[in-house]
Structure formats: structure tokens, C-alpha cells
Amino acid sequence: MAARRALRFTAMAEGSSLGPETLSQIHDEVRRLTVAYPKLALPTLLGDLVEVQDLTFQLLEHGRAKPLQARELYLLAGITSGMLAKASHDLGNPSAAMMQARTAFVCADNADHHAMRAWVRSLQSLISYWAGRPGEAADYAALGQGAIGNVCGTTSVWLACLSARAHSLLGDGEATRTAIQQAEEARVTAEPDDLDAFGGIMTFPLPRQLYYVAEATVQLGEDAALGESRSETAVSAYRNATEDEWAFGDQAGAQTDLALARIACGEIEGAAEAVRPVLDLPVERRNFVVSSAQRVHAALHGAGRRSSGGGAAADLRQEIEAFTITPTSALVR
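Residues numbered from 1 in each chain as written. Predicted model: local features only at pLDDT ≥ 70, side-chain atom pairs only at ≥ 80, totals over all residues. Heavy atoms only, no water.

*Asks:* Summarise the overall build of the protein chain; cite the residues concerned and give the values.
*Replies:* Looking only at helices and strands, one finds 15 helices and 0 strands in the protein chain. In the protein chain, buried positions account for 54% of the 333 residues. By element, 52% of the accessible surface of the protein chain is carried by carbon and sulfur atoms, the whole surface being about 14,200 Å². (Helix = DSSP H or I, 4+ residues; strand = E, 2+ residues; numbered from the N terminus. Buried < 20%, exposed > 50% of the residue type's maximum accessible area, 1.4 Å probe, protein only. Areas by Shrake-Rupley, 256 points an atom, 1.4 Å probe, with all protein chains shown as cover.)

*Asks:* Please provide a residue-by-residue account of the pattern of salt bridges, values included.
*Replies:* If you walk through the whole model with that rule in mind, you get 13 salt bridges. When the shortest N-O distance is used, the salt bridge between Arg32 and Glu29 registers 2.8 Å. Taken together, the positions of Arg32 and Glu29, both in helix α2 (residues 20-36) and 3 residues apart, correspond to about one turn of that helix. You can call Arg32 partly exposed: its relative accessible area is 37%. Note that Arg117 and Asp112 form a salt bridge whose closest N and O atoms lie 3.0 Å from each other. Classification of Arg117 as buried rests on a relative accessible area of 12%. A residue is classified by how much of its surface remains accessible, and Asp112, at 43% relative accessible area, is partly exposed. A single salt-bridge network, built from bridges that share partners, covers Glu29, Arg32 and Asp48. (Salt bridge = Lys/Arg side-chain N within 4 Å of Asp/Glu carboxyl O.)

*Asks:* How would you explain the layout of surface pockets if you had to name every residue and give the values?
*Replies:* In this structure, the largest pocket spans a volume of roughly 190 Å³. The wall of the largest pocket is formed by 14 residues, among which Val218, Gln219, Gly221, Leu260 and Ala261 lie closest to the centre. Listed by contribution, the elements that provide at least two residues to the lining of the largest pocket are α10 (206-220), α11 (224-239) and α12 (248-264). (1 Å grid on protein atoms, 1.4 Å probe; cavity = no way out; pocket = protein on both sides within 12 Å on 5 of 7 lines; lining within 4 Å. Points joined across faces, edges and corners; volume = space filled by probe spheres on them.)

*Asks:* Before we move on, can you summarise the packing of aromatic side chains with the specific residues and values?
*Replies:* Aromatic ring pairs: the centre-centre distance and the angle between the two ring planes describe each pair. Taken as a whole, this structure holds 5 aromatic pairs when the rule is applied. Ring geometry for Phe204 and Tyr212: centres 5.3 Å apart, planes at 85°, overall edge-to-face. Assigned by exposure class, Phe204 and Tyr212 land together as buried. Joined through ring pairs, the aromatic side chains of Trp119, Trp158, Phe204, Tyr211 and Tyr212 make up one cluster. Over the ring of Phe105 we find Arg121, and its NZ or CZ is 3.9 Å from the ring centre. Cation over ring: Arg165 sits above Tyr212, and NZ or CZ is 3.8 Å from the ring centre. (Phe/Tyr/Trp six-rings, centres within 6.5 Å; stacked < 30°, edge-to-face > 60°. Lys NZ or Arg CZ within 6 Å of the ring centre and 35° of its normal.)

*Asks:* Which residues make up empty space enclosed by the protein, and what values go with them?
*Replies:* Within the structure shown, the criterion is met by 1 cavity of 30 Å³ or more. For the lining of the largest cavity, the secondary structure elements donating two or more residues are α4 (67-90), α6 (114-130), α8 (155-169), α10, α12 and α14 (289-306). Across the lining of the largest cavity, the residue classes tally to 21 nonpolar, 7 polar and 7 charged. (Nonpolar A, V, L, I, M, F, W, Y, C, P; charged D, E, K, R; others polar.)

*Asks:* Residues and numbers for the nonpolar core, please.
*Replies:* Within the largest apolar cluster, 93 residues are counted, with the highest numbers of intra-cluster contacts made by Ile79, Met116 and Trp119. The element contributing the most residues to this core is α6, with 10 residues. Sequence-distant contacts of Met116, defined by excluding residues within four places in its chain, comprise Leu75, Gly78, Ile79, Ala108, Leu195 and Met202. Counting residues in each nonpolar core, the second largest holds 5 residues, with Ala164, Ile180, Val213 and Ala216 among its members. (Core = buried A, V, L, I, M, F, W, Y, C linked by side-chain atoms within 4.5 Å. Contact = heavy atoms within 4.5 Å.)

*Asks:* Before we move on, could you go through the confidence of the model for the protein chain and cite the residues and values that matter?
*Replies:* With 89% of its residues at a pLDDT of at least 70, the protein chain reaches an overall mean of 89. When mean pLDDT is compared element by element in the protein chain, α10 scores highest at 98, while helix α1 (residues 2-13) scores lowest at 53. (pLDDT = per-residue confidence, 0-100.)

Right under this line is the structure:
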């Protein structure tokens, strides 16, 4: 609270125009939040995100920035709005998430920032994917790929991976495999840009790529053994990830994909082992991980009927039901 007050005081004390200290302070705060978002529980960050967004909006609305400063301020406002879109998504509100994402895109437009436009399209694809609209998710990924232009950062990898996941839900094996190949090619040619420099949620590291590829493979369902192998690779990547690469939500997603892959192979006990770290997450870290766990729950229904491990499947379903009782949204007021 004291840090927020200091930021507002700096903005006021520098007078009628936006001063360098205020802009630098906002930039540092946005970077702190982008790095923290994948690692910390959402309730600890939400107040700071709202505060920074409000401050950037006020500075832009009051016309206190010079043209070059305004472009940077619009970029910072776009990044903050993007994080709030992700927060709304993580709290299970896709409508609010898409509203914030559209605001982020307007900010990216006003900043005339091609990479940010593409990043927001990625975010919109992600929101649509988890809202159960894979066709829309594929469309947003295509829009983002069309907006890339000369963008060389890791957003290009994210877009290809999003396309793979969306097409796997649509059951289009050829498009899924093509997108996975595009992601591999984009990784080879990617060079960190100014969005990657923010770190955290603004970059797309290799472990996250492996997680998306595994999920697309598992969901496509054409090769259960390949799905299990790729999921094991993703889980291993997160176990060995650097601090900059690690994200508790994506690691949990990789674990649930491994559980789904093992269910497809008839390995109920192996699925329980895979999903155990997810079920052990504290309530404040569950966010949208609950949706991934619910996919495992749904898969277990069929597995229990098909195999002699019906009792083990029923036990695991009960554990997942207990896990999903209290979502993160219950902690945010």
C-alpha cells in the first residue's frame, strides 16, 4: 500500500506533464508484475495490477504525456490490461477477460506496437480455448500470426502453439501437426524483443512450448503413447526449469496432461501419481488449474467403466471433486 501511494505521489509531484521518474517507476512496476504473475498467487497481485492500470489510464486521459512518452505509456497500459485479462480468465470470467483484452489491443494500437498486437491476439486465443470455443481460438491465433510482420520475439512461438491446441480440440490432425512444426521453426528463429525483456507472462519459454505441444497431442488422441511421452517431456522440463522459465499454472497443466495421457493408456495409478502435485496445490494457487483437473475427472468416468481399475478411478474422481470445491475466486473480494 505504501509503494502504491509513493507511485501516485511521484506522478502528482512531477507536475502537469509526465516526468521521467514517473514513467520509469511505472515501467519498473509493470516489469515486476509481469515477472511475478506466473509465480505468485493471484490474490497477492490483483490490487497492484488494478492500481497501475488506473494510474496509466488517468495519465493518458489527462493528456500529460508527450507523444513519445504516450506511446510507451500506452504499451505499459496494454501490458497491464493484458495481465488483468489473464486474471479475469484465471478467476473463471471469460467475458471480463475478453473485455480487458480488447482494451489491451486498443492500447497496443495506440502504441503502434506490432508485437503487442500479436501478444493480445494470443491472449484472446487462450481465453477462447478455455471457454470451450476452439474455432474462435484458432481464428484469434491466425489473426495474431497475420499481425506478426517483422516481430521476432517468442510471441510467434506462442501463436503457433495456440493454433496447435485449438486445432487439436477441433479434431484436425493435419492442422495440429503443421502448427507444432511451425512452433519448432519459430523457436529456432526467435530473437528476444522488448516484450520478452519484461519477462514472466510476456515471454514464452521452451517448457511452456513443450506443455502446449503435449496437450495438443493428448487432446488429438491419435497416438496415446506419443501423448504420454510428450507429456513426460513437458513435466520434466518444468522440474528442471530455471526460475525465469517456471510457472506453477503451466506446470500443473503439464501434470494434468500426463494424467490424461496415462488414462488413455489405461494407467489409472499412473494418472493418480501424475495429478498428485496438482491436487496438493494450496487454494490460492488453483486459479484456472481447476479446469485442467476437471478434464481429468471427466476422462476418469470412461476409464472406470472400461477397466478393472474402476475403484481407483472413483477414488481419484472424489479427490478431484474435493479439490475443485473452493476456487481461487473465493479468496478475491
